[in-house]
Amino acid sequence: MKITQAVVRVLDESLRWNGRSATFTRDTVLLGAIPELDSMAVSSLITTLEEQFGLVVDDDDINGATFATVGSLADFVSSKLAA
């Protein structure tokens, strides 16, 4: 499964969107465009990404640009997997 597709699945599952993310692309804006994606949801999403991909996300790794779009989040996951 491609990383972007996996990230979209994690978004959908962790935020309980029930398939709402099915139309998301790499260009889909997340922060500021999706009201449910608040600080608590971001925290939950980070935990789920760590569990699903076996990642360790440090506080220094996270900034607003990471969650700007589906693509930026997928690129972040890809970079963590490559490290």
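All of these numbers come straight from a predicted model, not from anything done at the bench.

### Description of the packing of helix α1 (residues 3-14) against helix α2 (residues 39-53)
Angle between the axes and distance between the axes are the two parameters that describe a pair of packed helices.
No. 1: Relative to each other, α1 and α2 sit at 130 degrees, their axes nearing to 10 Å. When the interaxial angle is binned, α1 and α2 end up oblique. Regarding α1 and α2, the two cross each other, and that crossing is right-handed. In contact with Ile3, Ala6, Val7, Arg9, Val10, Leu11 and Ser14 of α1, α2 contributes Ser44, Leu45, Thr48, Leu49, Gln52 and Phe53.
No. 2: Residue composition of the contact of α1 with α2, grouped by class: 8 nonpolar, 4 polar and 1 charged.

### Here's the deal with the packing of aromatic side chains
No. 1: For the structure on display, the rule yields 1 aromatic pair.
No. 2: An angle of 70 degrees between the planes, with centres 5.5 Å apart, marks the rings of Trp17 and Phe24 as edge-to-face. Phe24 shares its class with Trp17; the two are buried.
No. 3: Geometry around Trp17 places Arg20 over its ring, the cationic atom sitting 4.9 Å from the centre.

### So, unusual backbone geometry
No. 1: Within the chain, Arg16 stands out as a residue other than glycine whose phi angle is a positive 55 degrees.
No. 2: Along the chain, the position of Arg16 falls in the loop between α1 and α2.
No. 3: Taking relative accessible area as the criterion, Arg16 reaches 69% and is therefore assigned exposed.
No. 4: A positive phi is found at Asn18, a non-glycine position, where the angle reads about 50 degrees.

### Points about the pattern of salt bridges
Oppositely charged side chains can form a pair if their charged atoms are brought close together.
No. 1: One pass over the full model with this rule turns up 4 salt bridges.
No. 2: Residues Arg20 and Glu36 are paired through a salt bridge, measuring 2.7 Å at the closest nitrogen-oxygen approach. Within this pair, whereas Arg20 is found in the loop between α1 and α2, its partner Glu36 is found in the loop between α1 and α2, the two being separated by 16 residues in sequence.
No. 3: Between Asp61 and Lys80 there is a salt bridge; the shortest N-O distance is 2.7 Å. Of this pair, Asp61 sits in the loop between α2 and α3 (70-82) while Lys80 is found in helix α3, placing the two residues 19 residues apart along the sequence.

### Brief notes about the confidence of the model for the protein
Should pLDDT be low for a region, the predicted coordinates there are not to be read in detail.
No. 1: Of all residues in the protein, 99% have pLDDT values of 70 or greater, and the mean over the chain is 91.
No. 2: Ranking the helices and strands of the protein by mean pLDDT puts α3 first, with 96, and α2 last, with 92.

About the cut-offs
- Residues numbered from 1 in each chain as written.
- Predicted model: local features only at pLDDT ≥ 70, side-chain atom pairs only at ≥ 80, totals over all residues.
- Heavy atoms only, no water.
- Axes fitted to C-alpha atoms, helices over the stretch in contact; angles between N-to-C directions.
- Helix = DSSP H or I, 4+ residues; strand = E, 2+ residues; numbered from the N terminus.
- Parallel < 35°, antiparallel > 145°, perpendicular 65-115°, else oblique.
- Left-handed = near helix turned anticlockwise from the far one by under 90°.
- Contact = heavy atoms within 4.5 Å.
- Nonpolar A, V, L, I, M, F, W, Y, C, P; charged D, E, K, R; others polar.
- Phe/Tyr/Trp six-rings, centres within 6.5 Å; stacked < 30°, edge-to-face > 60°.
- Buried < 20%, exposed > 50% of the residue type's maximum accessible area, 1.4 Å probe, protein only.
- Lys NZ or Arg CZ within 6 Å of the ring centre and 35° of its normal.
- Salt bridge = Lys/Arg side-chain N within 4 Å of Asp/Glu carboxyl O.
- pLDDT = per-residue confidence, 0-100.

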